[in-house]
Amino acid sequence: MDTPRPPEARFPCLPVEGPVPSPPPGWTWEGLMAEALAEARRAGRAGEVPVGAVVADPLGRIVGRGRNAPVADGDPTAHAEVKAIRAACARLGNYRLDGCVLAVTLEPCTMCAGAILHARLAGIVYGCEDRLAGAVASRADVLDQGLAGRLAWHMGGVLARDCAGLLEAFFAARRG
């Protein structure tokens with residue numbers, strides 16, 4: 001019989017290192033991540049991998065929400081980050097999200113990291129690391145490499161155990 005792995009075995013929980021940017025007015029990083037976790041739970045209930053994201057503007061308003069929906073949408077780009085960015089752009093009427101920040105439950109992949117840079121988000125916070133596809137710190141450092149001179153700060157480990165636990169429970173149920 002296999003011994004169950006703790007959540008951090010597959011989706012590690014990293015300590016926060018370095019200077020921590022201030023969250024948007026009226027929020028803590030944990031509060032924004034709780035909003036992203038709510039979106040992730042909705043994705044999981046719909047049978048999607050439970051990843052959720054929110055975009056907050058410089059005034060502290062949540063201007064975009066997203067959750068994984070590639071199966072429901074029949075779209076491999078329907079990741080939580082992309083959906084939250086699209087919603088924020090639509091609400092603000094601009095493809096540039098200068099000064100906005102993204103909170104997402106799982107470290108973004110290469111596609112999402114590229115979208116973050118193209119949208120000109122100021123930075124992101126994420127919950128747990130993704131050792132298989134993470135492109136912020138785990139497998140690549142896309143946000144530090146930049147795109148056309150654009151960079152985005154990043155901080156992992158916000159409510160990491162909650163984020164990792166949600167993913168582990170989802171995949172454990174799928175394995176039966």
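Everything discussed here concerns the structure shown above.
In short, a report on the structure.

## Thoughts on the overall build of the protein chain
Stage number 1. Across its full length, the protein chain carries 7 helices and 5 strands.
Stage number 2. Out of the 176 residues belonging to the protein chain, those deemed buried represent 44%.
Stage number 3. Counting contacts in the protein chain only where the partners sit at least 6 residues apart, residues at least 24 apart contribute 61% of the total.
Stage number 4. As displayed, the protein chain has an accessible area near 8500 Å², and 54% of this comes from carbon and sulfur atoms.

## Here's the deal with the environment of Pro25
Stage number 1. Residue placement: Pro25 occurs in the loop between helix 1 (7-10) and helix 2 (29-45).
Stage number 2. Separated by 31 residues in the primary sequence, Pro25 and Ala56 have C-alpha atoms spaced 9.6 Å apart.
Stage number 3. Once residues within four sequence positions are removed from consideration, Pro25 is found in contact with Pro58, Leu59 and Gly60.

## Quick look at the packing of helix 4 (residues 80-92) against helix 5 (residues 110-118)
Stage number 1. Helix 5 packs onto helix 4 with a crossing angle of 20° between their chain directions and a minimal axis gap of 9 Å. In terms of their interaxial angle, helix 4 and helix 5 are classed as roughly parallel. Seen along the crossing, helix 4 lies across helix 5 with a hand that is left-handed. Contacts between helix 4 and helix 5 involve Glu81, Val82 and Ile85 from the former and Met111, Cys112, Ala115 and Ile116 from the latter.
Stage number 2. Here the contact of helix 4 with helix 5 is composed, by residue class, of 6 nonpolar, no polar and 1 charged.

## Details of the nonpolar core
Stage number 1. Residues Leu32, Val55, Leu97, Leu102, Ile116, Leu121 and Leu143 are the most contacted members of the largest nonpolar core, which totals 45 residues.
Stage number 2. Ignoring anything within four residues of it in the chain, the contact list for Leu143 reads Ala113, Ile116, Leu117, Ile124, Ala135, Val136, Leu151, Ala152 and His154.

## Overview of the pattern of salt bridges
Stage number 1. This structure, assessed with the given rule, holds 7 salt bridges.
Stage number 2. Residues Asp73 and Lys83 are paired through a salt bridge, measuring 2.8 Å at the closest nitrogen-oxygen approach. Note that Asp73 is positioned in helix 3 (residues 70-73) and Lys83 in helix 4, a separation of 10 residues in sequence.
Stage number 3. For Lys83, a relative accessible area of 26% translates into the label partly exposed.
Stage number 4. The residue Arg131 makes a salt bridge to Glu129 at a minimum N-O spacing of 3.6 Å.
Stage number 5. Arg131 gets classed as partly exposed once you look at its relative accessible area, which sits at 48%.
Stage number 6. What emerges from the salt-bridge pattern is a single network uniting Glu35, Glu39, Arg42, Arg65 and Arg67.

## Let's talk about helix 4
Stage number 1. Between its first and last C-alpha atoms helix 4 spans 18 Å; for 13 residues at 1.5 Å apiece the expected length is 18 Å, and the two agree.
Stage number 2. Regarding helix 4, the residues found buried are Ala80, Glu81, Val82, Ala84, Ile85, Ala88 and Cys89.
Stage number 3. The inward-facing, buried residues of helix 4 contact strand 1 (52-56), strand 2 (62-67), strand 3 (101-106) and helix 5.

## Points about the packing of helix 2 against helix 7 (residues 160-175)
Stage number 1. For the pair helix 2 and helix 7, interaxial distance at closest approach is 11 Å and the crossing angle is 5°. Classified by the interaxial angle, the pair formed by helix 2 and helix 7 is roughly parallel. On helix 7, the residues touching Met33, Leu37, Ala40, Arg41 and Gly44 of helix 2 are Asp162, Cys163, Leu166 and Phe170.
Stage number 2. Class assignment of the residues belonging to the contact of helix 2 with helix 7 gives a composition of 6 nonpolar, 1 polar and 2 charged.

## Brief notes about the sheet that holds strand 2
Stage number 1. Here we have 5 strands laid out as an open sheet, ordered 2-1-3-4-5, and mixed in their pairing. In this open sheet, the two strands that pair with only one neighbour each are strand 2 and strand 5 (153-156). Between one strand and the next, the sheet's axes are offset by a mean angle of 15°, whatever the strand orientation.
Stage number 2. Running over the sheet, helix 4 touches strand 1, strand 2 and strand 3 and is turned about 150° from strand 2.

Thresholds, definitions, all that
- Every chain is numbered independently, its residues counted from 1 as its sequence is written.
- Thresholds applied to this predicted model are a pLDDT of at least 70 for local features of residues and 80 or more for the giving and counting of side-chain atom pairs; totals over whole chains, interfaces and linings are not thresholded and use all residues.
- Computation of side-chain values covers all heavy atoms of the structure but excludes hydrogens and water.
- By definition, any uninterrupted DSSP run of H or I lasting at least four residues is a helix, any uninterrupted run of E lasting at least two residues is a strand, and each is numbered from the N terminus.
- Note on exposure labels: buried denotes an accessible area under 20% of the residue type's maximum, exposed denotes more than 50%, and partly exposed covers the range between, all computed with a 1.4 Å probe on protein chains only.
- Whether two residues are in contact is decided by their heavy atoms: any pair within 4.5 Å suffices.
- Each accessible area is a Shrake-Rupley estimate made with a 1.4 Å probe; only the visible protein chains count as cover when residues are assessed.
- Comment: axis = line fitted to C-alpha atoms, over the contacting stretch for helices; angle = value between 0 and 180 degrees taken between N-to-C directions.
- For classification purposes, an angle smaller than 35 degrees is called roughly parallel, one larger than 145 roughly antiparallel, one from 65 to 115 roughly perpendicular, and anything else oblique.
- When the near helix sits turned anticlockwise from the far one by under a right angle, the crossing is termed left-handed; a clockwise turn instead gives a right-handed crossing.
- Classification used: nonpolar for Ala, Val, Leu, Ile, Met, Phe, Trp, Tyr, Cys and Pro, charged for Asp, Glu, Lys and Arg, polar for all others including Gly.
- To form a nonpolar core, buried Ala, Val, Leu, Ile, Met, Phe, Trp, Tyr and Cys residues must be joined to one another through side-chain atoms within 4.5 Å.
- Put simply, a salt bridge is a Lys or Arg side-chain nitrogen that is within 4 Å of an Asp or Glu carboxyl oxygen.
- Residue count minus one, scaled by 1.5 Å, sets the expected span of a helix.
- The criterion for strand pairing is that DSSP finds at least two bridges linking the strands in question.

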